[in-house]
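The chain contents come next:
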Amino acid sequence: MTLIPWLEPDAPFPDVAKALTDMSGAAGLLAAGADLSPQRLLDAYRRGIFPWFSSGQPILWWSTDPRMVLMTERFKISHSLKKSLRKVRNSMLTDGKWQVRFDTAFETVMHECAAPRQDGAGTWISDEIVDSYVRLHQQGFAHSSELWHDGLLVGGAYGVCIGRMFYGESMFARVTDASKIALAFLVDFLKANGVAMIDCQQVTSHLISLGADTIPRAEFITHLSQVIDQSPIPAWEPIIAA
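My aim in this report is to walk through the structure given alongside it, one point at a time. Please read these numbers as outputs of a predicted model, since none were measured by experiment.

Structural notes on the pattern of salt bridges
Following the criterion strictly, the structure yields 7 salt bridges and no others. The shortest N-O distance in the salt bridge between Asp 43 and Arg 47 comes to 2.8 Å. The class for Arg 47 is partly exposed, based on a relative accessible area of 40%. For Arg 174, the salt bridge goes to Glu 112, with nearest N and O atoms at 2.6 Å. Pair noted here: Arg 174 is in the loop between strand S9 (165-173) and helix H5 (178-192) and Glu 112 is in helix H3 (residues 106-114), with a separation of 62 residues, a long-range link. Judged by relative accessible area, Arg 174 falls into the partly exposed class, the value being 43%.

Focus on the packing of helix H2 (residues 79-93) against H5
The geometry of a pair of packed helices is captured by two quantities: the angle between their axes and the separation between those axes. The N-to-C vectors of H2 and H5 enclose an angle of 75 degrees; their axes lie 10 Å apart at closest approach. On the basis of their axis angle, the class for H2 and H5 is roughly perpendicular. Between H2 and H5, the contacting residues are Leu 81, Ser 84, Leu 85, Val 88, Arg 89 and Met 92 on the first element and Lys 180, Ile 181, Ala 184, Phe 185 and Asp 188 on the second. Looking at the contact of H2 with H5, its residues break down into 7 nonpolar, 1 polar and 3 charged.

Section: the sheet that holds strand S5 (residues 67-71)
Spatially, the 7 strands line up as an open sheet ordered S6-S7-S8-S9-S10-S5-S11, and their pairing is mixed. Two strands in the sheet have a free side with no partner beyond their single neighbour: strand S6 (98-102) and strand S11 (213-215). Across this sheet, the average inter-strand angle for adjacent strands is 35 degrees, counted without regard to direction. Two elements, S5 and strand S10 (residues 197-201), share 4 bridges in a ladder whose sense is antiparallel. Paired with Met 68 across the bridge in S10 is Gln 201. Packed on one face of the sheet, H5 meets S5, S6, strand S7 (142-149), strand S8 (152-162), S9 and S10 and runs near 160 degrees to S9.

Considering the packing of aromatic side chains
Counting across every chain of the model gives 9 aromatic pairs. Measuring from centroid to centroid gives 6.3 Å for Phe 102 and Trp 236, while their planes differ by 65 degrees, and the two rings are edge-to-face. Here Phe 102 is found in strand S6, whereas its partner Trp 236 is found in the segment after helix H7 (217-227), with 134 residues between them in sequence. With relative accessibility at 12%, the residue Trp 236 sits in the buried group. Put simply, the rings of Phe 102, Phe 166, Phe 189 and Trp 236 pair up and form one aromatic cluster. A cation sits over an aromatic face here: Arg 40 above Phe 13, 4.8 Å from the ring centre. The ring of Trp 148 carries Arg 101 above its face, with NZ or CZ at 4.4 Å from the centroid.

Remarks on the nonpolar core
Core analysis: the largest hydrophobic core is formed by 51 residues, its most contacted members being Trp 61, Ile 125, Tyr 133, Tyr 158 and Tyr 167. Residues Phe 75, Leu 85, Ala 178 and Leu 190 belong to the second largest nonpolar core, which totals 33 residues.

Thoughts on the side chain of Ser 84
Tracing the backbone shows Ser 84 in helix H2. For Ser 84, the side chain forms a polar contact with the side chain of Asp 177, separated by 3.1 Å. Ignoring sequence-local partners within four residues, the contact set of Ser 84 consists of Asp 177 and Ile 181.

Topic: unusual backbone geometry
Along the chain, Asp 65 connects to Pro 66 via a cis peptide bond; the corresponding omega equals 5 degrees. With respect to the helices and strands, the residue Pro 66 is situated in the loop between strand S4 (60-62) and S5. Despite not being glycine, Ala 34 shows a phi value in the positive range, around 65 degrees. Relative to the assigned elements, Ala 34 resides in the loop between strand S2 (29-33) and helix H1 (38-46). Note on Ala 34: relative accessible area 22%, which makes it partly exposed. Phi is positive for Asp 150, close to 50 degrees, though the residue is something other than glycine. The topology assignment puts Asp 150 in the loop between S7 and S8.

Quick look at a negative patch on the surface
A cluster of acidic residues, Glu 107, Asp 127, Glu 128 and Asp 131, forms a negative patch at the surface. Examining the composition of the negative patch, we find that 3 residues originate from one element, helix H4 (residues 127-138), more than from any other. Following the sequence through the fold, Glu 107 ends up in helix H3.

Criteria and cut-off values
Residues numbered from 1 in each chain as written. Predicted model: local features only at pLDDT ≥ 70, side-chain atom pairs only at ≥ 80, totals over all residues. Heavy atoms only, no water. Salt bridge = Lys/Arg side-chain N within 4 Å of Asp/Glu carboxyl O. Buried < 20%, exposed > 50% of the residue type's maximum accessible area, 1.4 Å probe, protein only. Helix = DSSP H or I, 4+ residues; strand = E, 2+ residues; numbered from the N terminus. Axes fitted to C-alpha atoms, helices over the stretch in contact; angles between N-to-C directions. Parallel < 35°, antiparallel > 145°, perpendicular 65-115°, else oblique. Contact = heavy atoms within 4.5 Å. Nonpolar A, V, L, I, M, F, W, Y, C, P; charged D, E, K, R; others polar. Pairing = 2+ DSSP bridges. Phe/Tyr/Trp six-rings, centres within 6.5 Å; stacked < 30°, edge-to-face > 60°. Lys NZ or Arg CZ within 6 Å of the ring centre and 35° of its normal. Core = buried A, V, L, I, M, F, W, Y, C linked by side-chain atoms within 4.5 Å. Polar contact = N/O pair within 3.5 Å; in protein donor to acceptor, adjacent residues only side chain to side chain. Patch = residues over 30% accessible without salt bridge, like charges linked within 9 Å, V, L, I, M, F, W, Y side chains within 5 Å. Areas by Shrake-Rupley, 256 points an atom, 1.4 Å probe, with all protein chains shown as cover. Lys, Arg positive; Asp, Glu negative; His and termini not counted. Charge placed at Lys NZ, Arg CZ, Asp CG, Glu CD.

Bear in mind that shape data such as this cannot, by itself, settle questions of function.
Now the structure itself:
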């Protein structure tokens, strides 16, 4: 039986090559323990590691292979989404009923992502996770893309940005296409600021429909090494023009 290491607060992460392989649904599991301090989270992301665990479990650290990523140049916009984007952009330039904003309600976006879904699926976004990522947001490393309608938050997405690498975490929608609209504006902004890859962590059919695909973990780690030490994006503002 293969055991994963338990991390004490000051213990370093093991090499990602030591993550479990395909066994009992735990492929990619690397370690457990430690904490969710900003320093620990940033160290994890820099190494291609992310936390993912359910309430009541110890903190679990993962590095999946292959890795699901979305290249910003390959983001797929369906015909219906294109129409929705056109409507939102026109509104932002005219009556303002629809608005896309960045970083004005980060914690609220996280709580919305954590809310129960229609399919009844549980969420891994616990209060502990929210508190930890809010601290990252306060330090300028975590960001939200938000869709507002008549002053109400109806969709959004959030993630972590280090250098010119963005790590997507979760999305939510309260109206049709809301999360996709928030993501589309985020992708446009990241692409314009030299971010070529968004980490998606897990393989889902929804992400595949948006153009995401898997790459070997080694290729993912190589890309990280090339972009995480680049200068941070200086100003986060949605690009309204199509």
